[in-house]
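Now for the letters of each chain:
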Amino acid sequence: MNQTLGKFQTIVLMMVNPGQVLTRRLADVHWVFALLVSGAAFTLFFLQTGLDRARGGSGGWPLTLGLGAGGFVYGTLGIAFVGLVAWVLSRLLGGRQDPGWVVKAIALSYGSALVYSAAGLLFNVIFRWNTAVSFGVTGVLWALGPMIAVFQKLSGGKTFGSVLMATVCGALVLLGWGVLATGAAGR
């Protein structure tokens, strides 16, 4: 029970004080747990998208479940890929973190997206509100703060390096999100 509580404290700390997690707690987090955080965040976000579309008449349960599954794959494999790209960029800039550290840090940055997506799914189901934009997108945007802290750490505090990593990784997240959304829109 105490280990589980510690993991959830790490998620909350990553939302409000990412620097502390990056310097003191990240070594204690297993990479699988970190990727489950981002995977769950995107699963719940894309489930909301499917429910919103079903309510609007442009989808049903197969689309909703397919979007949820796609969100899980995107939130785990896609975010791991983004983390590896950040690691490569950081190495080019003289960074010394290992790839596992970077993937864990990027994935845990989506803790706020997980909280927002879970709340959004509750409001979606209970009140039948369309919540993908108001809760899902907001949660993903809240992940930017912790990711900026990760990029600053990876670049050794260099502004150019942080901006470069934020631009490239942010573009990759949006591109992947767009590809997934466009594929779903064609169904």
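Every value quoted in this text rests on a predicted model; they were computed, and no experiment measured them.

A. Structural context of the nonpolar core. Grouped together as the largest cluster of nonpolar side chains are 50 residues, with contacts concentrated most on L108 and Y110. By residue number, the principal contributor to this core is helix 3 (residues 31–55), which donates eleven residues.

B. Spatial organisation of a nonpolar patch on the surface. Where nonpolar side chains cluster on the molecular surface, the patch consists of W31, V32, L36, F72, V73 and L77 and spans about 580 Å² of accessible area. Locating F72 in the fold gives a position in helix 4 (residues 61–92). Of the residues examined, F72 reaches a relative accessible area of 36% and is grouped as partly exposed.

C. Summary view of the packing of aromatic side chains. If you walk through the whole model with that rule in mind, you get ten aromatic pairs. Ring geometry for F42 against Y110: centres 5.1 Å apart, planes inclined by 55°, an arrangement best described as tilted. With F42 in helix 3 and Y110 in the loop between helix 5 (99–108) and helix 6 (111–127), the pair connects residues that are 68 residues apart, well separated along the chain. By relative accessible area, which is 1% here, Y110 ends up buried. Aromatic pair Y116 and W142: ring centres 6.1 Å apart, planes at 25°, arrangement stacked.

Thresholds applied
- Residues numbered from 1 in each chain as written.
- Predicted model: local features only at pLDDT ≥ 70, side-chain atom pairs only at ≥ 80, totals over all residues.
- Heavy atoms only, no water.
- Core = buried A, V, L, I, M, F, W, Y, C linked by side-chain atoms within 4.5 Å.
- Buried < 20%, exposed > 50% of the residue type's maximum accessible area, 1.4 Å probe, protein only.
- Helix = DSSP H or I, 4+ residues; strand = E, 2+ residues; numbered from the N terminus.
- Patch = residues over 30% accessible without salt bridge, like charges linked within 9 Å, V, L, I, M, F, W, Y side chains within 5 Å.
- Areas by Shrake-Rupley, 256 points an atom, 1.4 Å probe, with all protein chains shown as cover.
- Salt bridge = Lys/Arg side-chain N within 4 Å of Asp/Glu carboxyl O.
- Phe/Tyr/Trp six-rings, centres within 6.5 Å; stacked < 30°, edge-to-face > 60°.

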